[in-house]
Amino acid sequence: MSLQKIDPQYRPYKGPAAGWGALASVTRFWLDSKQPFKNLRALLKTNQNGGFDCPGCAWGDSPENGMVKFCENGAKAVNWEATKRGVDAAFFARYSVSQLREQSDYWLEYQGRLTQPMRYDAASDHYLPIDWDAAFALVAEHLRALESPDQAEFYTSGRASNEAAYLYQLFVRAYGTNNFPDCSNMCHEASGVALGQSVGIGKGSVTFADFEHADAIFVLGQNPGTNHPRMLEPLREAVRRGAQVVCFNPLKERGLERFQNPQNVAEMLANGSEPLNTAFFRPALGGDMAAVRGMAKFLLQWEREAQAKGEPAVFDHAFIAEHTDGIDAYLAELDATSWAQIEQQSGLALAEIEQSARMYRRAERVIVCWAMGITQHRHSVPTIQEIVNLQLLRGNLGKPGAGLCPVRGHSNVQGDRTMGINDRPPAALLDSLEKRFAFSVPRHNGHNTVEAIEAMLEGRARVFIGLGGNFAQATPDSPRTHQALQRCALTVQISTKLNRSHLTHGRDALILPCLGRTDIDRQAGGPQAVTVEDSFSMIHASFGQLEPLSAEMRSEPAIVAGIAKATLGNHPVDWDALIADYARIRELIADTLPGFQDFNRRVAHPGGFYLGNSAGARKWATASGRANFKANVLPADLVSERMRKSGVAHDLILQTLRSHDQYNTTIYGLDDRYRGVRGQREVIFVSAAQIERLGYRAGQKVDVTSLWDDGVERTVKGFTLLAFDMPDGQAAAYYPETNPLVPLDSYGEGSHTPTSKFIAIRLKPAAPSARIL
Ligand SMILES: Nc1nc2c(c(=O)[nH]1)N[C@H]1C(S)=C(S)[C@@H](COP(=O)(O)OP(=O)(O)OC[C@H]3O[C@@H](n4cnc5c(=O)[nH]c(N)nc54)[C@H](O)[C@@H]3O)O[C@H]1N2
Ligand SMILES: Nc1nc2c(c(=O)[nH]1)N[C@H]1C(S)=C(S)[C@@H](COP(=O)(O)OP(=O)(O)OC[C@H]3O[C@@H](n4cnc5c(=O)[nH]c(N)nc54)[C@H](O)[C@@H]3O)O[C@H]1N2
Ligand SMILES: [Mo]
């Protein structure tokens, strides 16, 4: 039976990625913003010199100017932020917090921009207006009442500008803690940790220009058609010039399968599209380390054959000798890993791994890109180190057209870490702050996201401040996280839009409305620019273009400075003076962070400047002074002991991912165009054969329970089974609806990142709803 008959909401998408469908979708969001013409003007300024940095993803821009540099989902992000709808005191008078809690995440954000500071009033269960000075004084009072600064948590989401993030970390360290849980802990933390150990710097080594010179681009665990649409353009260009694009993804994501450029009207009219990928491999969830190990093992086999026959080497021996350490132990580990284990764990046939290894070897210059399909596993750190090992074997690092490219998520998540948002700060950063500001900085490690939740749950932390984001929904184990926030004495959310974190609050709670990237930011010294860093370590300025919806909103730097001044007085800096002119913040950044000398002058350059990357320059800031081969052992079993100890066998392994109509916890709409889903999000994708084997029907509703050994039941109810083209044994469902299934202490070894792409689950037919009974 065809799926359409079972579930009227399911329509496989036949059109190409981007193209007309994208245009239709953008138009809808434009009109819905209630100020379409203003926003069109703003959009044309997206990622242009003198315009603002797109608040969507962290993909970098082509250095060429004059091109239209936004994509469908960037347009959605802009229109969503630049809405005319506002959430004000009258709105909060209309709805109690309990009533708001009944609404969906989509409804909450749809109400519009937060326009004035509000404080929770327990007696009426409503948020009531508060003025800014009183709000700052309240935060200061709570912070000063703690026995130790380590009892406060300071979260950051990756949209915060460099200026906001730098001031925030300065304030928090002057206050006395390194408790900096941030969204990066749930995102690319494993990339930072793995790359730091392997090559001495936790960032990608490539620049935009490298994509123009690569002979092969591998894309692992990433869905750029939805999450980094502007990346499709260089991928397509690469195929045009004859380069290979090789994808590893269990789902045949539409953007990777077919592609059409929405900015090329002639092509759009012809409605043609060309195959983008030259090969597509569909591994088991968590199978990439074994797959990449298999590729390296083939290279080793061919290297030995070449040596025996006196043919040209497969390895780059000169590079290995001059730049690396640990090759012998690594090759021994390749020999020790059995083909049988590689095949079983990768979920790929050996012939497929051999084919990908051949494509890899054929290329002189290879870029490997990856995102959440690689970073949200228990063994993500060794998986990324295996990618590095592979690249080191053929010297694919630090030469044009080759290198490592963790494609970052939030538009300034990389910059925030550069600015010092780091719960494990390097000594050099702390020394530099101490020297410049003459206060003694806290030296002990702070809390990451998982540790912060544990601390709040156990009452060891009692104040939570969020610089952006939606902590309640983005984090794992939702009921426990909600409980953690509700145990706090004070929760403060610095936000643009209403979300569940405002409704999941401490005994005292504040909503502090801030300007977004698109808004004009006027301070005493005139309109201000902020700066951001993209995935290629390019730093550039961003100028808001739109008149703010309310004069009561303040900029993120101004809010941070307001809290800082109320808490610490004019220590260690004159906060008001910094806010009057952000160039003064950039002077402090230049004084204290490597690579930022002469910041104000360099950022004035059109397109900004390149911060540099030591690994990209073949300089290795590791203890050995070389790039390290890491001889990690493949996990004995991807299904962890703790999943097995639940005593129940799992039906499937679930990954949680993004639909085409969402930005993280922000839900723009209920469709997922490329996957053919309309009007619903509580769905679970499983292969048709697998659905049948488990004894269900496509379209049936199921309850989903995750397996863990702590006796806590983690279930989401009433999800619709959708038959989808994917490997057996796997399931996929949307984040954040499935976050209640991720156990808080199921996280990556060495990264502490929740294992959002590997959750052992069991299905049960959903209890019939009361209405049907
Ligand atoms: N429009 C839009 N843009 C965004 C975002 C958004 O929500 N909406 N979010 C931003 C953020 S913060 C981030 S981090 C990025 C996220 O960008 P992505 O990492 O592309 O996001 P996900 O939707 O989590 O997709 C993960 C992809 O990895 C695949 N995958 C899952 N598990 C595995 C695995 O074990 N192996 C392999 N090989 N593949 C696997 C999935 O099938 C899916 O295609 O996007 C950023 N950009
Ligand atoms: N199960 C599962 N969980 C995941 C993931 C997954 O793949 N699966 N992905 C993880 C990843 S990669 C990430 S990055 C995190 C995301 O975690 P977060 O960054 O915490 O979440 P967002 O949904 O991006 O935050 C949205 C909110 O940010 C606020 N906001 C928007 N723009 C601005 C701004 O300019 N300034 C300020 N101050 N606030 C603003 C709005 O109020 C909005 O409601 O989620 C993680 N959680
Ligand atoms: Mo992310």
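Residues numbered from 1 in each chain as written. Chains lettered and ligands numbered in written order. Predicted model: local features only at pLDDT ≥ 70, side-chain atom pairs only at ≥ 80, totals over all residues. Heavy atoms only, no water.

**Observations regarding the overall build of the protein chain**
Keep this limit in mind: Every helix listed is a DSSP run of H or I at least four residues long, and every strand listed is a run of E at least two residues long, numbered separately from the N terminus. Each residue's exposure class comes from its accessible area (1.4 Å probe, protein chains only) as a fraction of the maximum for that residue type: buried when under 20%, exposed when over 50%, partly exposed otherwise. Only heavy atoms matter for contacts: two residues are in contact if any of them lie within 4.5 Å across the pair. Using a 1.4 Å probe, the Shrake-Rupley method yields the accessible areas, and only the shown protein chains count as cover for residues.
What the protein chain contains, in helices and strands, is 33 helices and 30 strands. The buried share among the 773 residues of the protein chain stands at 64%. Considering only intrachain contacts with a sequence separation of at least 6, the fraction spanning at least 24 residues in the protein chain is 79%. Accessible surface, the protein chain as shown: approximately 27,200 Å² in total, 52% of it carbon and sulfur.

**Considerations on the side chain of Thr177**
Rule in force here: In the analysis that follows, any N or O atom pair within 3.5 Å is treated as a polar contact, provided that within protein one partner can donate a hydrogen and the other can accept it, and provided that, for residues neighboring in sequence, both atoms belong to side chains.
Topologically, Thr177 is positioned in the loop between α9 (162-175) and α10 (189-199). For Thr177, the side chain forms a polar contact with the side chain of Asp150, separated by 2.7 Å. Within the local environment of Thr177, its side chain forms a polar contact with the backbone nitrogen of Asn179, the two atoms lying 3.0 Å apart. Once residues lying within four places of it in the same chain are set aside, the contact partners of Thr177 are Pro149, Asp150, Ala152, Phe154, Val172 and Pro442.

**Remarks on the site of ligand 1**
Counted only if it meets this: Residues are counted as near a molecule or strand when any one of their heavy atoms sits within 4 Å of it.
Of all residues adjacent to ligand 1, which total 31 residues, the nearest are Asn249, Glu253, Asp288, Gln662 and Asn664. Here Gln655 contributes a side-chain N or O atom positioned 3.0 Å from an oxygen atom of ligand 1. Take Gln662: an N or O atom from its main chain is 2.7 Å from a nitrogen atom of ligand 1. For ligand 1, whose free accessible area comes to 920 Å², the fraction covered by protein is 99%.

**Regarding the site of ligand 2**
Heads up, the rule is: Residue polarity is assigned by list, with Asp, Glu, Lys and Arg as charged and Ala, Val, Leu, Ile, Met, Phe, Trp, Tyr, Cys and Pro as nonpolar; anything else, Gly included, falls into the polar class. Delimitation of the domains relies on an automatic or database domain assignment.
Around ligand 2 sit 31 residues, and of these Glu109, Tyr155, Ala474, Glu556 and Thr665 come closest. In the environment of ligand 2, an oxygen atom lies 2.6 Å from a nitrogen or oxygen atom belonging to the side chain of Tyr155. Arg658 places a polar side-chain atom, nitrogen or oxygen, 3.2 Å from a nitrogen atom of ligand 2. For the shell around ligand 2, a count of residues per class yields ten nonpolar, 15 polar and six charged. Two domains each provide a minimum of three residues to the shell around ligand 2, namely domain 2 (104-183 + 428-596) and domain 4 (641-765).

**Quick look at the sheet that holds strand β3 (residues 118-121)**
As a reminder, the rule being used: Two strands form a pair only when DSSP identifies at least two bridges running between them. Angular values range over 0 to 180 degrees, each being the angle between N-to-C directions of two axes fitted as lines to C-alpha atoms, with helices fitted over their stretch in contact.
Within the open sheet, the six strands sit side by side as β4-β3-β16-β15-β14-β5. Their pairing is mixed. Sheet topology places β4 (126-129) and β5 (152-156) at the edges, where each strand pairs with a single neighbour. The sheet shows a mean angle of 20° between the axes of neighbouring strands, taken without regard to direction. Note that strand β15 (residues 490-495) and strand β16 (residues 508-513) share six bridges and pair parallel. Looking at the pairing, Ser495 lines up with Pro513 of β16. Where helix α28 (residues 556-568) meets the sheet, it contacts β14 (463-467), β15 and β16, and its direction lies at approximately 145° from that of β16.

**Looking at the packing of aromatic side chains**
Note the threshold: Working definition: rings of Phe, Tyr and Trp (its six-membered ring) pair if their centres are within 6.5 Å, and the pair is stacked with planes under 30 degrees apart, edge-to-face with planes over 60 apart, and tilted otherwise.
Evaluation of the coordinates by the stated rule reveals 35 aromatic pairs. With a centroid separation of 5.5 Å and 85° between ring planes, the pair formed by Tyr95 and Trp107 is classed as edge-to-face. On the criterion of sequence distance, the pair formed by Tyr95 in the loop between α5 (89-94) and α6 (97-101) and Trp107 in helix α7 (residues 105-110) is long-range, its members being twelve residues apart. Linked through ring pairs, Phe91, Phe92, Tyr95, Trp107, Tyr120 and Tyr127 together constitute an aromatic cluster.

**A short note on the nonpolar core**
Nonpolar side chains in soluble globular proteins tend to be buried together. Filter applied, for reference: Here, nonpolar core refers to any group of buried Ala, Val, Leu, Ile, Met, Phe, Trp, Tyr and Cys residues whose side-chain atoms link them within 4.5 Å.
Counting residues in each nonpolar core, the largest one holds 61 residues, and the members touching the most others are Leu143, Phe154, Tyr166, Phe171, Ile465, Leu512 and Phe596. With ten residues, the top contributor of residues to this core is α9. With residues near it in sequence (within four places) discarded, Phe154 still touches Leu143, Tyr168, Phe171, Val172, Tyr175, Thr177, Asn179, Phe180, Pro181 and Ile465. Counting residues in hydrophobic clusters, the runner-up holds 55 residues, among them Leu195, Leu299, Ile320 and Trp370.

**A word on the pairing of strand β19 (residues 529-533)**
Buried residues dominate β19, accounting for five of its five residues. Residues of β19 alternate between two faces, with Ala529, Thr531 and Glu533 on one and Val530 and Val532 on the opposite face, all of them buried. As judged from the five bridges shared by β19 and strand β20 (residues 538-543), these two strands associate in the antiparallel manner. Bridge pairing in β20 places Thr531 opposite Ala541. As consecutive antiparallel partners, β19 and β20 are separated by four residues, and within that stretch Ser537 has a phi angle of approximately 60°, a positive value.

**Examining the environment of Asn79**
Within the element layout of this structure, Asn79 appears in helix α4 (residues 72-81). Considered as a pair, Asn79 and Asp32 are 47 residues apart in the sequence and their alpha carbons are 8.1 Å apart.

**Thoughts on the sheet that holds β19**
Taken together, the three strands give an open sheet; going across it, the order is β19-β20-β21, and neighbouring strands pair in antiparallel fashion. The open sheet terminates on both sides in strands that have one partner only, identified here as β19 and β21 (609-610). Here β20 runs beside β21; their pairing, made up of two bridges, is antiparallel. Paired with Met538 across the two strands is Tyr610, which belongs to β21. Sitting on the sheet, α9 is in contact with β19 and β20, with an inclination near 85° to β19.

**A look at the state of the cysteines**
Stated formally: Only a pair of cysteine sulfur atoms within 2.5 Å counts as a disulfide in this structure description.
Here the structure, examined in full by the defined rule, presents zero disulfides. In this model Cys405 remains outside any disulfide bridge; the closest cysteine sulfur is found in Cys369, 4.1 Å from its own.

**Overview of helix α19 (residues 350-362)**
Quick reminder of the rule: In a helix, the anticipated span is given by 1.5 Å times the number of residues less one. By construction, the arc corresponds to the directions joining the helix axis to the C-beta atoms.
Taking 1.5 Å of rise per residue, 13 residues should cover 18 Å, and α19 covers 18 Å from first to last C-alpha, within 8% of that figure. Taken together, the buried positions of α19 are Ile353, Ser356, Ala357, Met359 and Tyr360. Around the axis of α19, the buried residues are gathered within 160° of arc, so they sit on the same side. Structural note: α19 exposes Ala351 and Arg362 on the side pointing more than 90 degrees away from its buried face.

**Topic: the side chain of His447**
Residue placement: His447 occurs in the loop between α23 (427-437) and α24 (449-457). Given a relative accessible area of 14%, His447 falls into the buried group. Residue contacts for His447: discarding those within four places in its chain leaves Asp150, Glu153, Asn178, Asn179, Phe180, Pro181, Asp423, Ala452, Ala455 and Arg460.

**So, the packing of helix α17 (residues 327-336) against helix α21 (residues 380-393)**
The condition is simple: For this classification, under 35 degrees means roughly parallel, over 145 means roughly antiparallel, 65 to 115 means roughly perpendicular, and everything else is oblique. Whether a crossing is left-handed or right-handed is set by the direction in which the near helix is turned from the far one by less than a right angle, anticlockwise for left-handed and clockwise for right-handed.
Their axes nearest at 12 Å, the elements α17 and α21 cross at an angle of 110°. With respect to α21, the element α17 is oriented roughly perpendicular. Relative to α21, the crossing made by α17 is left-handed. Contact residues: α17 offers Ile327, Tyr330, Leu331 and Leu334, while α21 offers Glu386, Asn389 and Leu393. Per-class residue counts for the contact of α17 with α21 are five nonpolar, one polar and one charged.

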